[in-house]
Amino acid sequence: MKLASTIASVSLLLLVILSDFAHGFPAPRALLYRLSKSTNYLTTSELWFNQTLDHYSPYDHRKFEQRYYEFLDYFRSPDGPIFLKICGESACNGIANDYLSVLAKKFGAAVVSLEHRYYGKSSPFKSLTTENLRYLSSKQALFDLAVFRQWYQESLNLKLNRTNVENPWFFFGVSYPGALSAWFRLKFPHLTCGSLASSAVVLAIYNYTEFDRQIGESAGPECKAALQEVTQLVEQGLASNNKALKTMFGAAELGIDGDFLYFLADAAVIAFQYGNPDVLCTPLVEAKKAGQDLVAAYAKYVKDYYLGTFGVSVQTYNQKHLKDTAVTEDSADRLWWFQVCTEVAYFQVAPSNDSVRSSKVDTRYHLDLCKNVFGEGIYPDVDTTNIYYGGTKIAGSKIIFTNGSQDPWRHASKQISSPDMPSFLITCHNCGHGTDLRGCPQAPLSPEGDAQKCTSPEAVLKVRQQIVEHIDLWLSECQNSDV
């Protein structure tokens, strides 16, 4: 019974992760993963807001139901701050109990969270055809946040029987939501006192070779060499015994070799991105030193950890699945790829030399995927995205950027401080994606973002103190100026 309850609790922890990090960013091909269970959420009580479908058309007045959450236990009514936690490229199943809960308690803040349009239960359409996805973009999502913020403030004023009063707002996000947090402060500076942009991927990148290079650096020489040998052996195996090799990894359904090789690359990435490097590297290096079958050792890791404990589904990498236009709990895979294929790219291609991943995961693979899944004429307009937001030259203010040293996504973030936009790098052996809010490991969820399992807890605490000081300063400046 004890074992069963332990397994159940671990599964729930990862569900939280998988629901708080969606495919696309968090889980490399995905970019992040999420969380679940009562102790891991501040609330899971669903609320609904009537949102505008197209914010840029004066003629289209269609609406859709958008899910949101609110947590008021720490709110210092009536003038306490309101913290808006941005949800991203996955279903938003509640407000996770990470370090933001500590901040909310400290500042007496209400916490609200809006599900990203199209994801989870906030789909405007019953079918996700390419035509119906035309309103899925970061620009529309930012406007969603602005309209929701105004509506929520007005609703709060009604509850408190007052008019024309503004609580101080502060925005938070990790990964793609981290970029949205920074971009919101850039585009709507009058609607938030500041933003925390954790592991914020503000730079759209066409060929993201730095991603793989960081994996090699985070792995260290021995683990990197073992992973490179696995890649070489797998490529040879695909040529001689394709089906048997894929079956060995529990991925026989991946008919396209590029999809399979991407799946294997992501399986390694997740260990470094989410603060569990030793789960991958220790058995792999030991197997290499002992002269054992490296492919078998890696297959065990993939099946036991990536597919098992971490809970990724092989179908995430299957282009047949990505072409499915039905609205289901797995729609996030298709939705995030649409954003990748139209706005931001982040094509995780192999560098020209010394790569960890297969060289077959190249630009052509990504472009073919975009065309196969969404049709002709779909490709990422990276230059336009960076012109619109500024990339790492974002001309914003009162934005805090944070990154983890081992995170491959940090090279798409702003890593150099500039006036009114401090940037902090948290350095430790298991400091990955969103360490400032999630602690260590970053998956599964560490309640309240516990940093004690970070190899350098003091590095996390030092950056958190900077975050607290900036939030405190910017909230006070906001209140004094009535912004």
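Conventions used here
- Residues numbered from 1 in each chain as written.
- Predicted model: local features only at pLDDT ≥ 70, side-chain atom pairs only at ≥ 80, totals over all residues.
- Heavy atoms only, no water.
- Salt bridge = Lys/Arg side-chain N within 4 Å of Asp/Glu carboxyl O.
- Buried < 20%, exposed > 50% of the residue type's maximum accessible area, 1.4 Å probe, protein only.
- Helix = DSSP H or I, 4+ residues; strand = E, 2+ residues; numbered from the N terminus.
- Phe/Tyr/Trp six-rings, centres within 6.5 Å; stacked < 30°, edge-to-face > 60°.
- Lys NZ or Arg CZ within 6 Å of the ring centre and 35° of its normal.
- Core = buried A, V, L, I, M, F, W, Y, C linked by side-chain atoms within 4.5 Å.
- Contact = heavy atoms within 4.5 Å.

Chemist: What should I look at first to understand the pattern of salt bridges in this one?
Modeler: In this structure the tally under the stated criterion is 19 salt bridges. In this structure, the salt-bridge partner of R62 is D60, at a minimum N-O distance of 2.7 Å. With a relative accessible area of 38%, R62 lands in the partly exposed category. Across the pair K289 and E222 runs a salt bridge whose closest N-O atoms are separated by 3.5 Å. On the criterion of sequence distance, the pair formed by K289 in helix α8 (residues 277–289) and E222 in helix α6 (residues 221–248) is long-range, its members being 67 residues apart. Judged by relative accessible area, which is 62%, K289 ranks as exposed.

Chemist: Got a minute to help me understand the packing of aromatic side chains in this structure?
Modeler: The description of an aromatic ring pair uses the distance of the two centres, along with the angle that the planes make with each other. Across all of its chains, the model carries 42 aromatic pairs by this definition. Ring centres 5.8 Å apart and planes at 25° place the aromatic pair Y274 and F310 in the stacked group. Here Y274, found in the loop between α7 (257–273) and α8, pairs with F310, found in the loop between α9 (294–309) and α10 (319–322); they are 36 residues apart in sequence, far enough to count as distant. Comparing Y274 with F310, the two get one shared label, buried. For R464, the ring lying beneath its charged end belongs to Y99, and the centroid distance is 4.1 Å.

Chemist: How should I be thinking about the nonpolar core in this particular structure?
Modeler: Nonpolar side chains in soluble globular proteins tend to end up buried together. If you look at the biggest cluster of nonpolar residues, it comprises 116 residues, and the most contacted ones within it are L227, V234, F249, F260, F263, L280 and Y298. Among the elements that line this core, the one with the most residues is α7, at 11 residues. In this structure F260 touches V234, L238, L245, K246, F249, A251 and L254, once residues within four positions along its chain are discounted. Y99, L437, V468 and L475 belong to the second largest nonpolar core, which has 37 residues in total.

By themselves, these are just geometric observations and shouldn't be taken as functional.
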